[in-house]
Amino acid sequence: MAATASGRQAWRQLLRNTPRGPAPKQQQYRSAFSRQISSTTTQASSRRAVPQSQSPSAFLRQQPLAQRSYSSGSQGKNTPPRSNSNQVKFWPFLIVIALGSGGYMLLVNRRKEMPPTTTTPAFSPTDVTVLFVLGGPGAGKGTQCARLVRDYHFTHLSAGDLLRAEQDRPGSQYGQLIRDCIKDGAIVPLEVTVALLENAMRDAITSSGTKKFLIDGFPRKMDQALKFEEVVCPAKLVLFYDCPEAEMEKRLLERGKTSGRADDNADSIRKRFRTFIETSMPVVDHYEKEDRVVKVDSTSTPDEVYAATQEKLKKALGDKL
Ligand code: UDP
Ligand code: MG
């Protein structure tokens, strides 16, 4: 018994150590078949896949000789050029990456050579003083500006007056657009208003040498504010007249009896109030955050409002007033 058991162990040992002889034919076909499958799915998609209904051996018989691989030493002469087809697929990626990186480097170098795209304002704030005067319709901006012009030699430019003049100028291409906007209490596209203001400032500077401007009723929208400060002149501060809507409405209806303005009627006034709250107040809020707002309550009489204006402006501007 003992002799038989040790004999079996010796056999197992012998089987483990002995290098295997050539595999039976069927087994060789099976390994060739699995290689064929993997190369079919991972490489040449044009090669035929094994039809479900076909047996592996039938499939192999139909394959052209060049694609068959019979020996377990798959590096033999008959091995299909697998690594070659891999290279062919890899090259397009390399070319695309190389071209892309080259183009990117070219762009980066071009950018370095380009001049910076910042705009210099037409007038320097160290040379020219600009105060924006804001407040709801009927808050009293025009009335207070007239007094500041009288006492401090400001040049008063009302955006609304400039727009009305442009609207009435014979041959103006913006006449109808401005007319429609004013009637609806809407805001005229900023390019028109900013250009009118810049021209008026240049004319005033060349004709009278003035350097102090009150820009009344502007900017009424954030994009106007940014554009004006970028291309015309940064403002020193915003003079904001704060007045309750009921009081402003009363004043506008009273003014409408004699002003002849197309927007001093109940319907336009309502639209102007809405535009002021929704579009113009964010401008005041923006400058308030930058600590550039002088706020004056304008509910009382023009004289009282003016006294408050003077006091606050003296404090804020000193000798620039
Ligand atoms: N307006 C505009 N952009 C401006 C200023 C005025 O479009 O920057 C138009 C707007 O339709 C406004 C109207 O002009 O309702 C009248 O403006 P104005 O300043 O004369 O009105 P106020 O505030 O003095 O009543
Ligand atoms: Mg006005």
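Our subject is the structure listed above.
Values in this document were obtained by computation on a predicted structure and should not be read as measured data.

**Here we look at the packing of aromatic side chains**
Moving on, step 1. Scanning the model with the defined rule gives four aromatic pairs in all.
Moving on, step 2. With a centroid separation of 6.1 Å and 65 degrees between ring planes, the pair formed by F132 and Y287 is classed as edge-to-face. Of this pair, F132 sits in strand β1 (residues 129–135) while Y287 sits in helix α11 (residues 266–289); the two residues are 155 residues apart in sequence, bridging distant segments of the chain. Taken individually, F132 and Y287 each receive the classification buried, so the pair is uniform in this respect.

**A look at the site of ligand 1**
Moving on, step 1. Near ligand 1 lie 21 residues; those nearest to it are K141, R164, A186, V188 and R272.
Moving on, step 2. Within the side chain of R272, a nitrogen or oxygen atom sits 2.7 Å from an oxygen atom of ligand 1.
Moving on, step 3. In the complex, 96% of the free accessible area of ligand 1, which totals 530 Å², lies under the protein chains.
Moving on, step 4. Mapped onto the shell around ligand 1, the elements with two or more residues apiece are α6 (159–168) and α7 (175–184).
Moving on, step 5. In the shell around ligand 1, the residues fall into nine nonpolar, five polar and seven charged.

Procedures and definitions
- Residues numbered from 1 in each chain as written.
- Chains lettered and ligands numbered in written order.
- Predicted model: local features only at pLDDT ≥ 70, side-chain atom pairs only at ≥ 80, totals over all residues.
- Heavy atoms only, no water.
- Phe/Tyr/Trp six-rings, centres within 6.5 Å; stacked < 30°, edge-to-face > 60°.
- Helix = DSSP H or I, 4+ residues; strand = E, 2+ residues; numbered from the N terminus.
- Buried < 20%, exposed > 50% of the residue type's maximum accessible area, 1.4 Å probe, protein only.
- Near = heavy atom within 4 Å.
- Polar contact = N/O pair within 3.5 Å; in protein donor to acceptor, adjacent residues only side chain to side chain.
- Areas by Shrake-Rupley, 256 points an atom, 1.4 Å probe, with all protein chains shown as cover.
- Nonpolar A, V, L, I, M, F, W, Y, C, P; charged D, E, K, R; others polar.

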